[in-house]
Amino acid sequence: QVQLVESGGALVQAGGSLRLSCAVSGRTLSDYVMGWFRQAPGKEREFVAAISRNGGNTLYADAVKGRFTISRDNAKNTVYLQMNSLEPEDTAVYYCAADRTTLTTVARREVNFYDYWGQGTQATVSS
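Summary of the structure given here. (Residues numbered from 1 in each chain as written. Predicted model: local features only at pLDDT ≥ 70, side-chain atom pairs only at ≥ 80, totals over all residues. Heavy atoms only, no water.)

**Things to note about the sheet that holds strand β1 (residues 3-7)**
Moving on, step 1. One open sheet holds the 4 strands; their spatial order is β1-β3-β8-β7, and the pairing between them is antiparallel. Only two strands of the sheet have a single partner each, and these edge strands are β1 and β7 (68-73). On average, each strand axis in the sheet is tilted by 15° relative to the strand beside it, whichever way the strands run.
Moving on, step 2. Across 5 bridges, the pairing between β1 and strand β3 (residues 18-25) is antiparallel. When the sheet's bridge partners are listed, Ser7 is paired in β3 with Ser21. (Pairing = 2+ DSSP bridges. Helix = DSSP H or I, 4+ residues; strand = E, 2+ residues; numbered from the N terminus. Axes fitted to C-alpha atoms, helices over the stretch in contact; angles between N-to-C directions.)

**Some points on the side chain of Arg53**
Moving on, step 1. Structurally, the position occupied by Arg53 is in the loop between β5 (46-51) and β6 (58-60).
Moving on, step 2. Looking at Arg53, the relative accessible area reads 16%, which means it is buried.
Moving on, step 3. Only 2.7 Å separates the side chain of Arg53 from the backbone oxygen of Ser30, close enough to count as a polar contact.
Moving on, step 4. Every residue in contact with Arg53, bar those within four places of it in the chain, is listed here: Ser30, Asp31, Tyr32, Val33, Arg72, Asn74, Thr101, Thr102, Leu103, Thr104 and Val106. (Buried < 20%, exposed > 50% of the residue type's maximum accessible area, 1.4 Å probe, protein only. Polar contact = N/O pair within 3.5 Å; in protein donor to acceptor, adjacent residues only side chain to side chain. Contact = heavy atoms within 4.5 Å.)

**Notes on the environment of Leu81**
Moving on, step 1. Secondary-structure assignment places Leu81 in strand β8 (residues 78-83).
Moving on, step 2. In this view, Leu81 contacts Leu18, Arg19, Leu20, Trp36, Val48, Ala49, Phe68, Thr69, Ile70 and Tyr94; residues no more than four positions away in its chain are not counted.

Fair warning: the whole summary comes from geometry, so function is off the table for now.
In structure tokens, the structure reads:
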């Protein structure tokens, strides 16, 4: 069983930056496709970014493309989400997700694809 723990959420002003981290334990990170999702109050959980097992393939939601960067350090069992040029619309609880796959180059955006989820970390962007 894999456990995911997010950290790095905070209150920042619009235009600022945050780096979220997702620490993975219980299994080897390199066996998992990883994703970041977010959920704002009253809204459904939505895809933010995903990264393949080997880190060579990434996907981004249109709303964050060019501002957010997903990365992974398999040696440290940690996945990151660097968020720049933050906007009030980015305010949400951010969740890390994982799914085990034999495919090394696949990254997926579907919520239902992922079997494992963290508890989330709150990011709030003030205007």
